[in-house]
Amino acid sequence: MYNVPANFINEQQIWDILNTHKTADRVQVREVLAKSAEMKGLEMDEVAVLTGISDPELLGELFHTANQVKETIYGKRLVLFAPLYISNLCSNECLYCAFRATNKEIVRNALTQKQITREVEILINKGHKRILLVAGEAYPQQGFQYVLDSVRTIYSVKSDHGEIRRVNVNVAPLTTEEFKMLKAEGIGTYQIFQETYHRETYQKVHLGGKKRDYNWRVWSLHRAMEAGIDDVGIGVLFGLFDYRFEILAMMQHIRELENQFGVGPHTISVPRLEPATGSDLATHPPFPVSDIDFRKIVAILRLAVPYTGIIMSTRETAQMRRETFALGVSQISAGSRTNPGGYEHEENQDDPSGQFSLGDHRPLDEVIRDVAKMGYIPSFCTACYRLGRTGQDFMDLAKPGDIKLHCAPNALSSFKEYLQNYASPETAEVGNRLIKETIAEMDGLAKQRAQKLVKRVEAGRDDVYC
Ligand code: SAM
Ligand code: SF4
């Protein structure tokens, strides 16, 4: 059983550190950047030094270092997934979200298992292998069993060449017992965003329902890990409060999980407030984050926790997504819909029942072609999770850089599988060229593995990995 301190988010400590590092001292910034390049992560006061950067030259150096770290650890891989919204029923009053209980401007809908099957078939036939299941905090009659049934349904669907190989979950905080049930269904990562770590702001924007309880939410990942879910994801909804405060609070959360469980979060998500039907707050964020600060946030996180994946959703525009790949993003969603049933009813693209507006509306094939043209390898790999390389085991493997011997070949074989089974002719041409060029530049064991796996896919085998 882990120790329970009164509150591991220490606001006074955060303000003290931020006040000490209000403006960035050039010498200090360069010292922190030099340390970042060693890829061992950063302490809170070092992170604070980086948040103070505004000088364009130093900003350029920050971006350059983040790019180096990203390339060294992750190479050119970008993991792809699709969100699957199963229900927009919700009993909470989050002022920024279209799903909040009293919002009368959206049509409420919880998909049946049959409808979920249909959505999953569509996603599989587009080429997806990873789904992020998302729901509001109110379930139909079956209660929480609805989520468990939905995970089981998703894994059960088979269609031609494919199936979903990893289901990650983003639903409201659960009890330890419920987390155990979720784990038993074979989920990958459990994600939950604190939205804001600043208590006063948290109370101002969460007006009703269980989500008003800050502590229940902030302790939820402890319960998830205690229940044996060792890949967990954290996040902040940027725009609700001062981003510098939020980054440092996130660092406290990360260190707390590391201290208690020996391993920090598997992923960090960086949603930025987007307009949402029936929400004034979403249209007028109290602490808007500019594009340049948003890029800075991604770069700082990359250096602060180099081995934690950073997820960028389709909330952001194609251009912002492209720019942040170089700064540290390692996972992206593509071809997303945020209204339940949105994949079957594509014609309702502008359905106001979505959770928020999307910045990138492009279909998966187009995103993949674009990513590949930039030299990034779209990866559908799910090997680590399926071979039990999760939590501490994943970090042990990732830290010395050995993950490259697995990730690079697996990314290439899963990309080849996509190109062979789902891609348009133009995307296949761009992708096959990239695979060839990438293998030509590899050497040693990674190259041998990549060649072997890609050949097996060419010979008609699906789902090969090491
Ligand atoms: N209902 C659960 C919850 O709130 O934790 C599960 C997921 S909720 C549907 C997914 C996330 O969407 C929220 O955690 C929040 O960060 C984000 N979100 C809500 N409204 C948003 C908006 N207007 N713009 C961007 N992201 C938003
Ligand atoms: Fe409900 Fe989640 Fe939206 Fe809040 S963010 S209203 S809990 S769906």
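Predicted model only: the values in this text are computed from it and were never measured. Position labels on residues start from 1 in each chain and follow its written sequence. The order in which chains are written sets their letters, starting at A; the order in which ligands are written sets their numbers, starting at 1. Owing to the predicted nature of the model, reporting of local features is limited to residues with pLDDT of at least 70; listing and counting of side-chain atom pairs is limited to 80 or more, with chain, interface and lining totals taken over all residues. The side-chain values count all of the structure's non-hydrogen atoms but skip hydrogen atoms and water molecules.

1. Quick word on the layout of surface pockets
There is about 440 Å³ of room inside the largest pocket. Counting only elements with at least two residues in the lining of the largest pocket, the list comes to helix H4 (56-74), helix H18 (403-421) and helix H19 (425-441). Secondary structure is summarised from DSSP: a helix means a run of H or I of at least four residues, a strand means a run of E of at least two, and numbering begins at the N terminus for each. It is H18 that contributes the most residues to the lining of the largest pocket, six residues altogether. For each domain, the first and last residues come from an automatic or database assignment. Per-domain counts for the lining of the largest pocket show at least three residues from each of domain 2 (76-379) and domain 3 (398-458). Throughout, the protein atoms alone are placed on a 1 Å grid, and a set of points is a cavity if a 1.4 Å probe fits but cannot get out or a pocket if it is open with protein on both sides within 12 Å along at least five of seven lines; lining residues have an atom within 4 Å of a point. Grid points are joined across faces, edges and corners, and a volume is the space filled by probe spheres set on the points.

2. Notes on unusual backbone geometry
Of note, Asp160 is a non-glycine position whose phi angle comes to about 45 degrees, a positive value. Here Asp160 shows up in the loop between strand E3 (158-159) and strand E4 (162-163). Backbone geometry at Asp463 places phi at a positive 60 degrees, although glycine is not the residue there. Tracing the chain through its elements places Asp463 in the segment after helix H20 (444-458).

3. Overview of the site of ligand 2
In the neighbourhood of ligand 2, the contacting residues comprise Cys90, Asn92, Cys94, Tyr96, Cys97, Phe99, Arg100, Gly136, Lys211 and Gln355. We call Asp, Glu, Lys and Arg charged. Ala, Val, Leu, Ile, Met, Phe, Trp, Tyr, Cys and Pro are nonpolar, and the rest, Gly among them, are polar. In terms of residue class, the shell around ligand 2 is made up of five nonpolar, three polar and two charged. We call a residue near a molecule or strand whenever a single non-hydrogen atom of that residue lies within 4 Å of it.

4. A short note on the site of ligand 1
Contacts to ligand 1 come from 22 residues, most closely from Glu195, Lys211, Arg217, Glu274 and Arg315. Any N or O atom pair separated by 3.5 Å or less is treated as a polar contact, with the protein-specific requirement of one donor-capable and one acceptor-capable atom, and with residues adjacent in sequence counted only for side-chain atom pairs. Between ligand 1 and Glu195, the relevant distance is 2.5 Å, taken from an oxygen atom to a side-chain nitrogen or oxygen of the residue. A distance of 2.7 Å is found between an oxygen atom of ligand 1 and a side-chain nitrogen or oxygen belonging to Arg217. Burial of ligand 1 by the protein chains amounts to 97% of its free accessible area of 560 Å². Molecules are considered to sit inside a cavity or pocket once more than half of their atoms lie within 2 Å of its grid points. The cavity that encloses ligand 1 is the largest cavity. For the shell around ligand 1, the residue count by class is 13 nonpolar, three polar and six charged. To measure how exposed things are, a 1.4 Å probe is used in the Shrake-Rupley method; for residues, cover is taken only from the protein chains shown.

5. What to know about the pairing of strand E9 (residues 309-312)
Along any regular strand the residues' side chains alternate between the sheet's two faces. With burial as the criterion, each face of E9 is covered, one bearing Gly309 and Ile311 and the other bearing Ile310 and Met312. One ladder, built from three bridges, connects strand E8 (residues 267-269) with E9; its direction is parallel. Following the sheet pairing, Thr267 is matched in E9 by Gly309. Whether a crossover is right-handed comes down to one check: with the strands pointing away from the viewer, does the path from the first strand over the helix to the second run clockwise; if it does, it is right-handed. Crossover E9 to strand E10 (residues 331-333) through helix H14 (residues 318-325) is right-handed. We call a residue buried when its accessible area falls under 20% of the maximum for its residue type, exposed when it is over 50%, and partly exposed in between, using a 1.4 Å probe and counting protein chains only. By definition, two strands form a pair when at least two bridges between them are found by DSSP.

6. A closer look at the pattern of salt bridges
For salt bridges, the criterion is a side-chain nitrogen of Lys or Arg within 4 Å of an Asp or Glu carboxyl oxygen. Using the criterion set out here, one finds 32 salt bridges in the structure. A salt bridge links Asp242 to Arg244; the shortest N-O distance between them is 3.2 Å. Put simply, Arg26, Arg30, Asp55, Glu57 and Glu61 are held in one network by salt bridges that share partners.

7. Description of the nonpolar core
Counting residues in hydrophobic clusters, the biggest one holds 133 residues, and the most contacted among them are Leu50, Leu62, Leu182, Tyr190 and Tyr197. Sorting elements by how many residues they give to this core places helix H11 (residues 243-261) first, with nine residues. Contacts are assigned to residue pairs with any non-hydrogen atoms lying within 4.5 Å of each other. Look past the residues within four positions of Leu62 in its chain and what remains in contact with it is Leu33, Leu50, Ile53, Lys296, Ala299, Ile300 and Leu303. For the purposes of this section, nonpolar cores are sets of buried Ala, Val, Leu, Ile, Met, Phe, Trp, Tyr and Cys residues that join through side-chain atoms within 4.5 Å. Formed by 21 residues, the second largest nonpolar core is a distinct cluster that contains Phe81, Cys94, Leu240 and Phe356.

8. With respect to the domain arrangement of the protein
Quoted interface sizes are often the accessible area lost when the parts come together. Each assigned domain of the protein is listed with its residue range as follows: domain 1 (11-70), domain 2 (76-379) and domain 3 (398-458). Just the C-alpha atoms count here: the centres of domain 1 and domain 3 sit 35 Å apart.

9. Some points on empty space enclosed by the protein
Applying the stated criterion across every chain yields a total of three cavities of 30 Å³ or more. At the level of elements, strand E1 (77-87), strand E2 (130-135) and E9 are the ones that each hand at least two residues to the lining of the largest cavity. Considered class by class, the residues forming the lining of the largest cavity number 24 nonpolar, 11 polar and eight charged. Approximately 350 Å³ is the volume attributed to the second largest cavity.

10. Topic: helix H6 (residues 145-156)
One less than the residue count of a helix, multiplied by 1.5 Å, gives the span that helix is expected to have. Taking 1.5 Å per residue, 12 residues should reach 16 Å; H6 reaches 16 Å between its end C-alpha atoms and fits that length. Turning to H6, its buried residues number three or more, namely Tyr146, Val147, Leu148, Ser150, Val151, Thr153, Ile154 and Tyr155.

11. Thoughts on H4
Taking 1.5 Å as the rise per residue, H4 with 19 residues should run 27 Å; its terminal C-alpha atoms sit 26 Å apart, in good agreement. Among the residues of H4, those classed as buried are Leu58, Leu59, Leu62, Phe63, Thr65, Ala66, Val69, Lys70, Ile73 and Tyr74. Viewed along the axis of H4, the buried residues span an arc of 165 degrees, placing them on a single side of the element. The backbone nitrogen of Glu57 lies 2.8 Å from a side-chain oxygen of the residue at the head of H4, namely Asp55. In this description, one arc is meant: the one made by directions from the helix axis to the C-beta atoms.

12. Examining the packing of helix H15 (residues 364-373) against H19
Two elements in contact, H15 and H19, have axes whose closest approach is 9 Å; the angle formed by their N-to-C orientations is 35 degrees. Crossing of H15 against H19: the hand is left-handed. Side by side, H15 and H19 meet where Asp365, Ile368, Arg369, Ala372 and Lys373 of the first sit next to Glu426, Thr427, Val430 and Leu434 of the second. A per-class count over the contact of H15 with H19 returns four nonpolar, one polar and four charged. To obtain each axis, a line is fitted to C-alpha atoms, and for helices this fit is confined to the stretch in contact; angles are then taken between N-to-C directions over 0 to 180 degrees. Each helix crossing is assigned a hand: it is left-handed if the near helix lies turned anticlockwise from the far helix by less than a right angle, otherwise right-handed if that turn is clockwise.

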